[in-house]
Amino acid sequence: MAENAKPKRLGFWFTFLPPFAWMTVLYFVPLVALLTYAFQRHEYVRIIHEFTWENFQQIATNPGYRNTLWRTLWIANLVTLIDTLLALPVAWFLAFHAGRFKRTLMILVLLPLWSSYLVRVFAWRIILGYNGVLNGFLVHTGILREPSTLFLYNKFSMVLTLCYIWLPFMVLPLTTAFERLPTRLLEASADLGARPFTTFRRVTIPLVLPGLLAGGLSVFSLTMGDYITPSLIGGAGDILVGNLVASQFGVAANWPLGSAFAAVVLVVIFCVMALLSRKGVLENL
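Residues numbered from 1 in each chain as written. Predicted model: local features only at pLDDT ≥ 70, side-chain atom pairs only at ≥ 80, totals over all residues. Heavy atoms only, no water.

Here we take up the overall build of the chain. The number of helices and strands found in the chain is 12 helices and two strands. The N-to-C order of helical and strand elements in the chain reads α-β-β-α-α-α-α-α-α-α-α-α-α-α. For the C-alpha atoms alone, the extent of the chain along its principal axes is close to 85 × 70 × 35 Å. By the burial criterion, 35% of the 285 residues in the chain qualify as buried. Sequence-distant contacts, at least 24 apart, represent 68% of the contacts inside the chain between residues at least 6 apart. Accessible surface, the chain as shown: approximately 17,400 Å² in total, 69% of it carbon and sulfur. Between the centroid of the 21 positive side chains of the chain and the centroid of its 12 negative side chains there is a distance of 5 Å. (Helix = DSSP H or I, 4+ residues; strand = E, 2+ residues; numbered from the N terminus. Buried < 20%, exposed > 50% of the residue type's maximum accessible area, 1.4 Å probe, protein only. Contact = heavy atoms within 4.5 Å. Areas by Shrake-Rupley, 256 points an atom, 1.4 Å probe, with all protein chains shown as cover. Lys, Arg positive; Asp, Glu negative; His and termini not counted. Charge placed at Lys NZ, Arg CZ, Asp CG, Glu CD.)

Relative to the assigned elements, N154 resides in the loop between helix 6 (133–140) and helix 7 (155–179). When the C-alpha positions of N154 and G235 are compared, they lie 4.5 Å apart, and in sequence the two are 81 residues distant. If we ignore the near neighbours within four places in the chain, the residues touching N154 are I233, G234, G235 and D238. A distance of 2.6 Å separates a polar atom in the side chain of N154 from the backbone oxygen of L150. (Polar contact = N/O pair within 3.5 Å; in protein donor to acceptor, adjacent residues only side chain to side chain.)

Before going further, it helps to examine the packing of helix 5 (residues 117–128) against helix 6. Two numbers describe a pair of packed helices, the interaxial angle and the distance between the axes. Between helix 5 and helix 6, the least distance of the axes is 4 Å, while the angle of their chain directions is 20°. Classified by the angle between their axes, helix 5 and helix 6 sit roughly parallel to one another. Residue-level inspection shows I126, I127 and L128 of helix 5 in contact with helix 6, the latter providing V133, L134 and N135. When its residues are assigned to classes, the contact of helix 5 with helix 6 shows five nonpolar, one polar and no charged. (Axes fitted to C-alpha atoms, helices over the stretch in contact; angles between N-to-C directions. Parallel < 35°, antiparallel > 145°, perpendicular 65-115°, else oblique. Nonpolar A, V, L, I, M, F, W, Y, C, P; charged D, E, K, R; others polar.)

Moving on to the layout of surface pockets. Approximately 170 Å³ is the volume found for the largest pocket. Lining the largest pocket, in full, are N77, T80, T84, L212, L213, G216, L217, F220, V272 and L276. Breaking the lining of the largest pocket down by element, the ones donating at least two residues are helix 3 (63–96), helix 9 (196–225) and helix 12 (255–276). Ranked by residue count, the leading element in the lining of the largest pocket is helix 9, at five residues. Tallied by class, the residues present in the lining of the largest pocket amount to six nonpolar, four polar and no charged. (1 Å grid on protein atoms, 1.4 Å probe; cavity = no way out; pocket = protein on both sides within 12 Å on 5 of 7 lines; lining within 4 Å. Points joined across faces, edges and corners; volume = space filled by probe spheres on them.)

It is worth spelling out the packing of aromatic side chains at this point. Inspection of the entire model under this criterion finds 16 aromatic pairs. Judged by centre distance (6.0 Å) and plane angle (55°), the ring pair of W53 and F56 falls under tilted. By relative accessible area, which is 48% here, W53 ends up partly exposed. One aromatic cluster in this structure is built from F39, F51, W53 and F56. (Phe/Tyr/Trp six-rings, centres within 6.5 Å; stacked < 30°, edge-to-face > 60°.)

Attention shifts here to unusual backbone geometry. Of note, the phi angle at Y153 is positive, near 60°, even though the residue is not glycine. Following the sequence through the fold, Y153 ends up in the loop between helix 6 and helix 7. Residues other than glycine seldom take positive phi values, yet A253 does so here, at roughly 55°. Following the sequence through the fold, A253 ends up in the loop between helix 11 (241–249) and helix 12.

What follows is about the pattern of salt bridges. Evaluation of the coordinates by the stated rule reveals four salt bridges. With a shortest N-O distance of 1.9 Å, K102 and E179 are connected by a salt bridge. Of the two residues, K102 sits in helix 4 (residues 102–110) while E179 sits in helix 7, which places them 77 residues apart along the sequence. By sharing partners, the salt bridges in this structure join R41, E43, R46 and E50 into a single network. (Salt bridge = Lys/Arg side-chain N within 4 Å of Asp/Glu carboxyl O.)

Let us look at helix 7. Taking 1.5 Å per residue, 25 residues should reach 36 Å; helix 7 reaches 35 Å between its end C-alpha atoms and fits that length. Taking the backbone nitrogen of F156 as reference, a side-chain oxygen 3.2 Å away marks N154 as the first, capping residue of helix 7. (Expected span 1.5 Å × (residues − 1).)

As a further point, take the side chain of T52. Looking at the secondary structure, you find T52 in the loop between strand 2 (46–48) and helix 2 (54–61). With relative accessibility at 13%, the residue T52 sits in the buried group.

What follows is the structure, encoded as structure tokens:
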């Protein structure tokens, strides 16, 4: 027995150590370094290596920073809600009604992910811009006399682009959840006289809730950390926390404050994950 146990232990360590070392070097060490900088002080162009809470105090007391945090949370929740409403019928159709076209439709859902993130963002600039596709269509049909600037560089265009970019991350786990749904329960509900909407609300949604929340967590966290779409599509006053992080690490060279912003985002996402883990979300990511 002891001879058999030794090879098993060796096999475990040979399997465990490579991914653990990879995670330690490429994830945990940079994360610890980031959090360490968040508690250090920035003075002109120098970083003073002494413990301080002033970066977080600055975030809490600066009205502009607070407004950006609330704006980021609001937009992240809005994008998650919209993608949920869009993904539900799409995932339902893919799981139960796509038939032999399911593979083709799944490829079409995944197709945007195979292109560059910047290409997808600039595609919406082409669609929504002053000389873009949307303005051209509205002028051609006579709805507008001349192109409008209302479709770009505002919250509407930013939310629309974010919804498009992150929608596949909601569709995929939700489709998987629908595929795992026991159809006999839906048939039993119908046999007991429940209407389709009642069955959907009281049977379907509770059963696919882990997949729904997993997709929502992905969309929420990706929106919280995004800075490219607000920079290229959003208005001058529509920046998110990701833009503050990028500016502090870039132009301002204030690594401690940028790390503090990143730490706040990490804490928010961690709290959301901790709450949703009780619903089986982590198993569906």
